[in-house]
Amino acid sequence: MTDETTTAPEAASEEQAPAPKFAVQRIYVKDLSFETPQGAEAFQKQWTPKVNQDLSTKTNKIAEGVYEVALRITVTVKDEEETIYLIEVDQAGLFTVEGLEGGQLAQVLNVTCPSMLLPYARETIDSTLTKGSFPPLMIPPINFEALFASAVQQAAAKQEAAAAPESSTH
């Protein structure tokens, strides 16, 4: 009888999904671009900068349970219509994510991973600008959870809008 009880829990645990696993394998700069179209002229005049910041993420499945997540931040600083500088960094990471499916996996890849990459991207931007002889630019904190929730909401609204005309024509 004892043998049966010890064997049953072992068999049950083998059938259960493995425990979720998350690990950072590597964080690296995938791409970096820095342009100062005005060259030395940018340092010869007073300017009132207007900063525009764009943000995006891209995910690629590299192998089973291994994902590359790249956070792209593009910062364009202009004075009037003239570009003073443009910097774009793709800060990437290789992440092991196992035991998660669907919404949970999407949450980790679109919230957790970019949140981990942001400090590295901020430092790369700051360091590059300093080396370019420009004042440091502090990229503000980014709430990836709110961005992800908004994207999910917009996708759901798009689906509803696409489904609505079909149902009204029948």
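Above this note sits the structure.
Being a predicted model, the structure only gives us computed values, none of them experimental.

1. Comments concerning the overall build of the chain
Each helix and strand counted, the chain has three helices and four strands in total. Helices and strands appear in the chain in the N-to-C order α-β-β-β-β-α-α.

2. Description of the pairing of strand β3 (residues 66–79)
For β3, the tally of buried residues reaches twelve of 14 residues, placing the bulk of the element in the interior. Sheet topology note: the strand β2 (residues 50–63)/β3 ladder contains 13 bridges and is antiparallel. Each bridged residue has a counterpart across the sheet, and for K58 the counterpart in β3 is A70. Hairpin connection, β3 to strand β4 (residues 82–98): the antiparallel pair is bridged by two residues, and E80 has positive phi, about 60 degrees.

3. Side note on the nonpolar core
Counting 30 residues, the largest nonpolar core has L71, I73, V75, Y85, V97, L109 and I125 as the members making the most contacts within it. Mapped by element, the contributors of at least two residues to this core are β3, β4, α2 (102–131) and α3 (144–169). Considering every element that reaches this core, the biggest residue donor is α2, with ten residues. For I73, the residues in contact, after removing those within four places along its chain, are Q53, D54, L55, I87, E88, V89, L118, A121 and I125.

4. Regarding unusual backbone geometry
Unusually for a residue other than glycine, E80 sits at a positive phi of about 60 degrees. Note that E80 resides in the loop between β3 and β4. What makes E80 exposed here is its relative accessible area of 62%. With a phi close to 70 degrees, S133 is a non-glycine residue in the positive phi region. Its location among the elements puts S133 in the loop between α2 and α3.

5. Observations concerning the packing of aromatic side chains
Counted according to the given criterion, the structure contains six aromatic pairs. Between F34 and F134, the aromatic rings sit 6.2 Å apart at their centres with planes inclined by 80 degrees, giving edge-to-face as the arrangement. Here F34, found in strand β1 (residues 21–35), pairs with F134, found in the loop between α2 and α3; they are 100 residues apart in sequence, far enough to count as distant. Here F34 falls in the partly exposed class, since its relative accessible area comes to 29%. On the basis of an interplanar angle of 50 degrees and a centroid distance of 4.7 Å, the ring pair of Y85 and F134 is categorised as tilted. Of this pair, Y85 sits in strand β4 while F134 sits in the loop between α2 and α3, and the two are 49 residues apart along the sequence. Here Y85 matches F134 in class, with each residue buried. Connected via pairs of aromatic rings, a cluster forms that spans F34, F43, W47, Y85 and F134.

6. Focus: a nonpolar patch on the surface
Taken together, F22, V24 and M116 make up a surface patch of nonpolar side chains, about 220 Å² in accessible area. With respect to the secondary-structure elements, F22 resides in strand β1. Overall, F22 belongs to the partly exposed group, its relative accessible area being 36%.

Conventions used here
- Starting afresh in each chain, residues are numbered from 1 along the sequence in its written order.
- It should be noted that, the model being predicted, local features are given only for residues of pLDDT at least 70 and side-chain atom pairs only at 80 or more, the latter also being counted only at that level, while totals for whole chains, interfaces and linings use all residues.
- Side-chain metrics in this entry use all non-hydrogen atoms of the structure; hydrogen atoms and water are not considered.
- Working definition: helices are DSSP H or I runs of at least four residues, strands are E runs of at least two. Numbering for both runs from the N terminus.
- Here's how the labels work: a residue is buried when its accessible area is under 20% of the maximum for its type, exposed when over 50%, partly exposed in between, all with a 1.4 Å probe on protein chains only.
- Strand pairing follows a simple DSSP-based rule, namely that at least 2 bridges must link the two strands.
- Side-chain atoms within 4.5 Å are what join buried Ala, Val, Leu, Ile, Met, Phe, Trp, Tyr and Cys residues into a set we call a nonpolar core.
- We call two residues contacting when some pair of their heavy atoms lies within 4.5 Å.
- The pairing test for Phe, Tyr and Trp rings, Trp by its six-membered ring, is centres within 6.5 Å, and the orientation test on the planes gives stacked under 30 degrees, edge-to-face over 60, and tilted for anything in between.
- What makes a patch is a set of residues exposed beyond 30% relative accessible area and free of salt bridges, joined within 9 Å when like-charged and within 5 Å when nonpolar (Val, Leu, Ile, Met, Phe, Trp, Tyr).
- Residue exposure ignores everything except the shown protein chains as possible cover, and the areas themselves are Shrake-Rupley values with a 1.4 Å probe.
- In what follows, salt bridge is the name for a side-chain nitrogen of Lys or Arg lying within 4 Å of a carboxyl oxygen of Asp or Glu.

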